[in-house]
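Coordinate inspection notes
One letter stands for each residue in the lines below.
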Amino acid sequence: MLGLRCSAGALSDVGRRILQTMTSHGIRVQGIRVGSAEIPDHKRIAVSLQSIYGIGRNRARQILSELNIDNKLTRELTGRELMALREHVSSTYVIGEDLRRCVNADITRLKSLQCYKGIRHEDKLPCRGQRTKTNSRTAKKGLNSVSEKHRASHA
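Residues numbered from 1 in each chain as written. Predicted model: local features only at pLDDT ≥ 70, side-chain atom pairs only at ≥ 80, totals over all residues. Heavy atoms only, no water.

Secondary structure assignment for the protein yields 8 helices and 4 strands. Of the regular secondary structure in the protein, the N- to C-terminal order runs α-α-β-β-β-β-α-α-α-α-α-α. Here the protein holds 155 residues, and 26% of them are scored as buried. For the protein, contacts bridging at least 24 residues in sequence account for 42% of all contacts bridging at least 6. A total of about 11100 Å² of accessible surface is found on the protein, and carbon and sulfur atoms cover 52% of it. (Helix = DSSP H or I, 4+ residues; strand = E, 2+ residues; numbered from the N terminus. Buried < 20%, exposed > 50% of the residue type's maximum accessible area, 1.4 Å probe, protein only. Contact = heavy atoms within 4.5 Å. Areas by Shrake-Rupley, 256 points an atom, 1.4 Å probe, with all protein chains shown as cover.)

Turning next to the nonpolar core. Within the largest apolar cluster, 19 residues are counted, with the highest numbers of intra-cluster contacts made by L49, I52, I55, I63, L85 and V89. Mapped by element, the contributors of at least two residues to this core are β3 (32-34), β4 (37-39), α3 (45-48), α4 (57-67) and α5 (79-92). Those residues in contact with I63 that sit more than four places away from it in its chain are L49, I55, L85, H88, V89 and Y93. (Core = buried A, V, L, I, M, F, W, Y, C linked by side-chain atoms within 4.5 Å.)

Another point: unusual backbone geometry. Across residues other than glycine, the phi torsion is negative in most instances, and most of the peptide bonds are trans. Positive phi is not limited to glycine here, since N68 has a value of about 55°. On the secondary structure map, N68 appears in the loop between α4 and α5. Residue classification places N68 among the exposed positions, given a relative accessible area of 68%. Here the phi dihedral of K124 falls at roughly 60°; this positive angle occurs in a residue that is not glycine. Tracing the chain through its elements places K124 in the loop between α7 (116-122) and α8 (148-154).

If you walk through the whole model with that rule in mind, you get 0 disulfides. Among the cysteines around C115, which has no disulfide bond, C127 carries the closest sulfur, lying 9.1 Å off. The class for C115 is partly exposed, based on a relative accessible area of 27%. (Disulfide = S-S within 2.5 Å.)

Time to look at the pattern of salt bridges. Across all of its chains, the model carries 3 salt bridges by this definition. The partner of R100 in a salt bridge is E97, and the shortest N-O contact between them spans 3.0 Å. Taken together, the residues span about one helical turn, with R100 and E97 both in helix α6 (residues 97-113) at a distance of 3 residues. Judged by relative accessible area, E97 falls into the partly exposed class, the value being 44%. D98 is the salt-bridge partner of R101, the closest N and O atoms lying 2.9 Å from each other. Here R101 pairs with D98, and both are found in helix α6, just 3 residues apart, close to one helical turn. Take D98: its relative accessible area is 42%, and that puts it in the partly exposed class. (Salt bridge = Lys/Arg side-chain N within 4 Å of Asp/Glu carboxyl O.)

Mean pLDDT for the protein: 79, with 72% of residues reaching 70 or above. Counting interchain partners and residues more than four positions distant, the pLDDT-below-50 stretch residues 1-8 has 2 contacts. (pLDDT = per-residue confidence, 0-100.)

Our next topic: the environment of Y53. Relative to the elements of secondary structure, Y53 occurs in the loop between α3 and α4. Along the backbone, Y53 and D98 are 45 residues apart, and their C-alpha atoms lie at a distance of 9.7 Å. Each residue touching Y53, except ones within four places of it in the same chain, is listed here: I95, G96, L99 and R100.

Summed over the entire model, instances satisfying the criterion amount to 0 aromatic pairs. In this structure, R100 packs its charged tip against the face of Y53, placed 4.1 Å from the ring centre. (Phe/Tyr/Trp six-rings, centres within 6.5 Å; stacked < 30°, edge-to-face > 60°. Lys NZ or Arg CZ within 6 Å of the ring centre and 35° of its normal.)

Right, here's the structure in full:
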């Protein structure tokens, strides 16, 4: 009944306020969903968009300039700006879990081809040309002892 008397903008504001105050298992949810991620509402839009996997500083600024939205606090977005932001991000960019799936599929393809990068990924070593004689100690942490898996894969 609330939707019949209110305009679309007011209805989306009501929905957004309900989402902000909703609690889930004792954790208070404070944010707005864009794509498949939730962005914080107490930060500026350019910063809060960066919490989405696949959107960095440059892409966040590019999105705001394409939509002609000022860099204000996220909670100060109007309903129309929020809908435009959601529509633009979800239709233009691959973000979140979809991007993670694509990256994992690419790495799996490289491993199955047994190319240099795929072998480096299997061995958990740097694959972009970094030196390993003195650096990449974190990557080589478990490689001091030759395991059965390592022997079998290169035999």
